[in-house]
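Results of the structural survey
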2 protein chains.
Amino acid sequence: MSRSAKPAGTRDVLPDEMRELRAISRAIVDVLEEAGYGEVRAPALESEGGSFAEGLVPTSPYRLVDGNGETLVLRSDMTVPIARIAATRYASVQPPLRFSYLARAWRRIERGSGEAREFMQAGAELLGQQPTLAEAEVLGVLARVLDAAGLRDWRICVGDSGLVSRLLESAGADQGVSAAVARALTDADFVALDAVLSGVDGGAAVAAIARKRIDADELAGTARGLADQVGADALGPLEQLVGALPDELRTRTIVDFGLSPRIGYYGGLVFEVYDPSFGRPIGSGGRYDRLMEAAGRPMTAVGFSLDVELVHAAIAGEERGEGGAQ
Amino acid sequence: MSRSAKPAGTRDVLPDEMRELRAISRAIVDVLEEAGYGEVRAPALESEGGSFAEGLVPTSPYRLVDGNGETLVLRSDMTVPIARIAATRYASVQPPLRFSYLARAWRRIERGSGEAREFMQAGAELLGQQPTLAEAEVLGVLARVLDAAGLRDWRICVGDSGLVSRLLESAGADQGVSAAVARALTDADFVALDAVLSGVDGGAAVAAIARKRIDADELAGTARGLADQVGADALGPLEQLVGALPDELRTRTIVDFGLSPRIGYYGGLVFEVYDPSFGRPIGSGGRYDRLMEAAGRPMTAVGFSLDVELVHAAIAGEERGEGGAQ
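My aim in this report is to walk through the structure given alongside it, one point at a time. Computed from a predicted model, the values in this text were never measured in an experiment. Counting restarts for each chain: residues are numbered from 1 in the order of the written sequence. Chains carry letters from A onward and ligands carry numbers from 1 onward, assigned in written order. Per-residue local features of the predicted model are confined to residues with pLDDT of at least 70, and side-chain atom pairs are confined, for both listing and counting, to 80 or more; whole-chain, interface and lining totals are unaffected and use all residues. The side-chain quantities take in all heavy atoms of the structure and omit both hydrogens and water.

Moving on: the interface of chain B and chain A. The contact criterion used is simple: two residues touch if any of their non-hydrogen atoms lie within 4.5 Å. Counting from both sides, the interface comprises 65 residues of chain B and, opposite them, 64 residues of chain A. Note: buried area is the sum, over both parts, of the accessible area (probe 1.4 Å) each one loses when the two are combined. Carbon and sulfur atoms make up 51% of the surface buried where chain B meets chain A, a total of about 5,500 Å² over both sides. Salt bridges are counted wherever a side-chain nitrogen of Lys or Arg sits within 4 Å of a carboxyl oxygen of Asp or Glu. Applying the counting criterion to the chain B and chain A interface returns 14 salt bridges. A:Arg26 serves as the salt-bridge partner of B:Asp30, at 3.1 Å between the closest nitrogen and oxygen. Pairs of N or O atoms are called polar contacts if they sit within 3.5 Å, as long as, within protein, a hydrogen donor faces a hydrogen acceptor (for residues adjacent in sequence, only side-chain-to-side-chain pairs). Taken together, chain B and chain A are joined by 18 residue pairs in polar contact (both at pLDDT 80 or more). Helix numbering and strand numbering both begin at the N terminus, where a helix is a DSSP run of H or I of at least 4 residues and a strand a DSSP run of E of at least 2. Mapped onto the side of chain B that touches chain A, the elements with two or more residues apiece are helix H1 (15-34), strand S1 (38-39), strand S2 (45-47), strand S3 (63-65), strand S4 (71-74), helix H2 (79-88), strand S5 (97-106) and strand S6 (118-127) of chain B. A per-element tally of the side of chain B that touches chain A places H1(B) first, with nine residues. Residues of the side of chain B that touches chain A, tallied by class, amount to 30 nonpolar, 10 polar and 25 charged. Just so you know the grouping, Ala, Val, Leu, Ile, Met, Phe, Trp, Tyr, Cys and Pro go in nonpolar, Asp, Glu, Lys and Arg go in charged, and all remaining residues, Gly too, go in polar.

This part takes up the side chain of A:Gln121. Residue and element names in this part refer to chain A. In this fold, Gln-121 is placed in strand S6 (residues 118-127). Think of it in three bands: residues with accessible area under 20% of the maximum for their type are buried, residues over 50% are exposed, and the middle band is partly exposed, with areas taken using a 1.4 Å probe on protein chains only. Take Gln-121: its relative accessible area is 9%, and that puts it in the buried class. A polar contact of 3.4 Å, which involves the side chain of Gln-121, links it to the side chain of Ser-305.

Time to look at the relation of the copies chain B and chain A. A least-squares superposition brings the copies together, and it is based on the C-alpha atoms of residues with pLDDT no lower than 70 in both. After a rotation of 180° and a shift along the axis of 0.0 Å, chain B superposes on chain A with an RMSD of 0.1 Å. On the angle and the small slide along the axis, the relation comes out as a two-fold axis. It is B:Leu64 whose C-alpha, among those of chain B, lies nearest the rotation axis, at 2.4 Å. Taken together, the interface assignments show that 98% of the residues at the interface of chain B recur at the interface of chain A, consistent with an identical surface on both copies.

The next point concerns the packing of H1(B) against helix H11 (residues 308-319) of chain B. Residue and element names in this part refer to chain B. It is the contact of H1 with H11, at a shortest axis distance of 10 Å, that shows an interaxial angle of 105°. The pairing of H1 with H11 is recorded here as roughly perpendicular in orientation. Contact with H1, carried on its side by Glu-17, Glu-20, Leu-21, Ile-24 and Ser-25, involves Val-308, Glu-309, Val-311, His-312 and Ile-315 of H11 and no other residues of that element. Taken together, the residues that form the contact of H1 with H11 break down as five nonpolar, two polar and three charged. In this analysis, axes come from line fits to C-alpha atoms, helices being fitted only over the stretch in contact, and the angle between any two N-to-C directions falls in the range 0 to 180 degrees. When describing relative orientation, an angle under 35 degrees is termed roughly parallel and one over 145 degrees roughly antiparallel, while 65 to 115 degrees is termed roughly perpendicular and anything else oblique.

This next bit is on the packing of aromatic side chains. Side-chain rings of Phe, Tyr and Trp, where Trp is taken by its six-membered ring, are said to pair if the distance between their centres is within 6.5 Å; with planes under 30 degrees apart they count as stacked, over 60 as edge-to-face, and otherwise as tilted. Going through the model one piece at a time under the given rule, you end up with seven aromatic pairs over all chains. Summarising the aromatic geometry, the rings of A:Trp106 and B:Trp106 are spaced 6.5 Å apart at their centres and angled 70° between planes, so their arrangement reads as edge-to-face. Here A:Trp106 is found in strand S5 (residues 97-106), whereas its partner B:Trp106 is found in strand S5 on a different chain. Seen from their ring centres, B:Tyr265 and B:Tyr288 are 5.9 Å apart, and the 65° between their planes marks the pair as edge-to-face.

Now for the sheet that holds strand S9 (residues 253-256) of chain B. Residues and elements named next belong to chain B. Strand pairing is assigned whenever DSSP detects at least two bridges linking the two strands. The nine strands are arranged S1-S5-S6-S12-S11-S10-S7-S9-S8 in an open sheet whose pairing can be described as mixed. Of all strands in the sheet, those bounded by a partner on one side alone are S1 and strand S8 (213-215). As judged from the 10 bridges shared by S5 and S6, these two strands associate in the antiparallel manner. Within S6, the residue paired with Arg-98 across the bridge is Leu-126. Sheet strands in contact with H11 are S5, S6, strand S10 (269-275), strand S11 (278-287) and strand S12 (301-307), and its direction is about 135° off that of S11.

Before going further, it helps to spend a moment on H1(B). For H1(B), which comprises 20 residues, the first-to-last C-alpha distance of 28 Å matches the rise-based estimate of 28 Å (1.5 Å per residue) to within 8%. Residue B:Gly36 follows H1(B) closely and has a positive phi angle near 95°. Every helix has an expected span of 1.5 Å times one less than the residues it contains.

Okay, the sheet that holds S6(A) next. Residues and elements named next belong to chain A. An order of S1-S5-S6-S12-S11-S10-S7-S9-S8 is seen for the nine strands of this open sheet, with the pairing classed as mixed. The open sheet has two edge strands, strand S1 (38-39) and strand S8 (213-215), and neither has a second partner. Relative to strand S10 (residues 269-275), strand S7 (residues 155-160) runs antiparallel, the two being bridged by six bridges. Looking at S10, one finds that Val-158 is bridged to Phe-271.

Right under this line is the structure:
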């Protein structure tokens, strides 16, 4: 279609699908507002260069020069603008601060990958709350959002992005090994992981732990079993989080000891949202205190974002009975 | 603020304002859905070059090269994508077709103008309906939308973009004069208008007509009075439209004989939405059959778009009692 002005990685949404996406989006926004997370809107176009987030987020592939010679980029998420808003417009407001959004974002795609270049995100950010309370609150709100959206079989997979590096540190591995392991985990490349760890004392045990995924209910038992290898301290943050979750949420939670963040501003708790009817994460989130520090307002920060179109696809999959737990 | 990543002409919307904007947006979308205008979403990024709309819309100042070397632009409206969707995805669907949208668009701004670079539009498009029915239906839906949004004192100002050029043609003016007059009217530059028309036989009468704004209720009488100067034919399209409006809408309608479209795809009916509490148009629309022809599916096309933030500003102005009609 030579007349088409629709680039690869973008698509039109027609009325029947739009009605469903709108119902999901409104349900999410309403739950977040009720929970005290006020919706904000931020510019899609951001100034390039000089941003506090430089080095913590991938460089945007969508860079343009406007009529006045200013270089602009399309935002890749809403977490960075909300960190900016908290540090500037709310500079004198006492935390905790709660924000939500429903917004388009843009990301780099590989040609022919079939990935979406533009996507609609819904999410929430909690800033300046006591860490364990903050993490448990955000996961609890996420659960309410997923229920309200109409998803039945969702699971949240949590991890501690510092766990493996702490284990490697106690094993005496150097920083080069740690960095190579982090890369392998981000790519979920377990062949590379084994190769890197084969030369490290105790590396096989770390590799085994990094592969482990268990139900959160089993964490206490597993932690006792692993205590000799990893020390109770290393698992402490995950134990604290899992202990703070209400029963009905803990039974939906999986612990992935090797879960690694894909974005540089995350550190500590990271999580992904799954549904058995859909083959990849439909949302993600975690702690990003280091982004708030870079923004000039250091505080505990936890947030999540959902890809609204993937949530919709997962609901459709459940309705077709794909991968259902029941 | 060197830490800010917010370029000129963009702004953040914080929760209190966002709640009001969301209520307005939802009310508009719901009225449009009820009226049979199904909401669509289209990519914000469009391929540059080879678009059927080339020459009918301003060149985008937001041009970028993505990682794969493709040149993309940010859309400047939703009318062009909807024309594309109607000509492709709905190629075999019998008209009339009705679409609506709530979407961000981007436009060129002058440095320091205080104008918005990014704006949120809500609008509707009616394709393939009998012309007078189509124009009256779209204006009627627009009226319902404005009421539902919570605006009290709105007015619609209608014009016929072909009127002045038809008058100049009967006066024997050449095309250069017609083009200069069209530019002067688009810029609402009446000094330039008088200068151009001073050298034309009957130019003073045309200039006087182009300046005239009357209540739609007075059109029949005015038309009789103007008949000698302009011929009944020249006013025919406006008389037909005004005759097709229900009373309660006609009393809100103003006829502006010199109203000129700002976008190249409009021809025939053009209109703007005003509120006495706000100094400039909060929305606009008109006939764009020539865009459908360029898209390869020639048919009658009428649509409107509202700037949601300006609608909100006008409502706030009414609440403060500014410029109220009562």
